[in-house]
Amino acid sequence: MNKLLRIGELAEQTNVAVATIRYYESLELLAPVKKAENGYRYYDEKAIKQIRFIKQAQSLQFSLSEIQQVLNVRYEGRPTCPLVKDLLDRKIAELEQGIQQAFILKA
């Protein structure tokens, strides 16, 4: 069995603040595998991967709401590729529009 990590250990391994992990939990982006009677939260290796996914998606300008959509599709067992492609297409369109507006303002 894999070793479970407390929230502070998870924060350290992922370079994310404990408060951020709690925030992700409140948004249901992340859940501990176990909560002890003393209130300690315990996480497994999956949580590390989940946080890395969230941070990588944020670096691509995905909002937490959009990330939640992708995770919900994954949890339902459906393929995430069509949703991710649609979200990326929207991001590209937003960027192209921003570039066009920047050129108009500069002219």
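An account of the accompanying structure is given in this report. Computed from a prediction, not measured in an experiment: that's the story for all the values here.

**Topic: the environment of arginine 41**
For arginine 41, the position within the fold is in strand β3 (residues 41-43). In this structure the C-alpha to C-alpha distance between arginine 41 and isoleucine 7, which are 34 residues apart in sequence, comes to 5.8 Å. Within the structure, the side chain of arginine 41 is placed 2.9 Å from the side chain of glutamate 25, a separation counted as a polar contact.

**Let's talk about the packing of helix α4 (residues 64-75) against helix α5 (residues 81-106)**
How two helices sit against one another is set out by the angle between their axes and by the gap between those axes. The N-to-C vectors of α4 and α5 enclose an angle of 165°; their axes lie 10 Å apart at closest approach. Here α4 lies roughly antiparallel to α5, going by the angle between them. Relative to α5, the crossing made by α4 is right-handed. Counted together, Glu66, Gln69, Val70 and Val73 of α4 and Leu83, Val84, Leu87 and Lys91 of α5 form the full contact between these two elements. Considering only residue class, the contact of α4 with α5 consists of five nonpolar, one polar and two charged.

**Thoughts on the nonpolar core**
Membership of the largest hydrophobic core comes to 23 residues, with the highest contact counts inside it found for Leu10, Ile21, Leu30 and Ile67. When contributions to this core are tallied by element, the ones reaching two or more residues are α1 (7-14), α2 (18-26), α3 (45-59), α4 and α5. Excluding its chain neighbours within four sequence positions, the residues that come into contact with isoleucine 67 are Leu29, Phe53, Ile54, Ala57, Gln58 and Phe62.

**What about the packing of α1 against α2?**
Packing of α1 against α2 leaves a shortest axis separation of 9 Å and a crossing angle of 105°. One finds that α1 runs roughly perpendicular with respect to α2. Counting all contacts with α1, which are made through Ile7, Gly8, Leu10 and Ala11, the residues of α2 involved are Val18, Ile21, Arg22 and Glu25.

**Topic: the pattern of salt bridges**
For the coordinates displayed, the defined rule picks out five salt bridges. Between glutamate 66 and lysine 91 there is a salt bridge; the shortest N-O distance is 3.0 Å. With glutamate 66 in helix α4 and lysine 91 in helix α5, the pair connects residues that are 25 residues apart, well separated along the chain. Overall, the relative accessible area of 13% leaves glutamate 66 in the buried class.

**Thoughts on α3**
Taking 1.5 Å per residue, 15 residues should reach 21 Å; α3 reaches 22 Å between its end C-alpha atoms and fits that length. Along α3, the positions that sit buried rather than exposed are Ala47, Ile48, Gln50, Ile51, Ile54 and Ala57. Here the buried face of α3 lies against β1 (5-6), α1, α2, β3 and α4.

Definitions and cut-offs
Position numbers for residues count from 1 along each chain, tracking the sequence in the order it is written. Given that the model is predicted, a residue must reach a pLDDT of at least 70 before its local features are reported, and side-chain atom pairs must reach 80 or more before they are shown or counted; all residues, however, enter totals for whole chains, interfaces and linings. Values shown for side chains rest on all heavy atoms present in the structure; no hydrogens or waters enter the calculation. A run of H or I in DSSP becomes a helix once it reaches four residues, and a run of E becomes a strand once it reaches two; helices and strands are each numbered from the N terminus. Polar contacts, as counted here, are pairs of nitrogen or oxygen atoms within 3.5 Å of one another; within protein the pair requires one atom able to donate a hydrogen and one able to accept it, and residues that are adjacent in sequence qualify only if both atoms are side-chain atoms. Where helices are involved, their axes are fitted lines through C-alpha atoms of the stretch in contact, as for all axes, and angles between N-to-C directions lie from 0 to 180°. The labels follow the angle: roughly parallel below 35 degrees, roughly antiparallel above 145, roughly perpendicular from 65 to 115, and oblique for the rest. A crossing counts as left-handed when the near helix is turned anticlockwise from the far one by less than a right angle, and as right-handed when that turn is clockwise. For this analysis, residues touch if any pair of their heavy atoms sits within 4.5 Å. Residues are grouped as follows: Ala, Val, Leu, Ile, Met, Phe, Trp, Tyr, Cys and Pro are nonpolar; Asp, Glu, Lys and Arg are charged; every other residue, Gly included, is polar. Side-chain atoms within 4.5 Å are what join buried Ala, Val, Leu, Ile, Met, Phe, Trp, Tyr and Cys residues into a set we call a nonpolar core. Burial here depends on accessible area, computed with a 1.4 Å probe over protein chains only, as a share of the maximum for the residue type. Under 20% is buried, over 50% is exposed, and the range in between is partly exposed. The salt bridge definition used is simple: a Lys or Arg side-chain nitrogen within 4 Å of an Asp or Glu carboxyl oxygen. Here the expected span of a helix is defined as 1.5 Å times the quantity of residues minus one.

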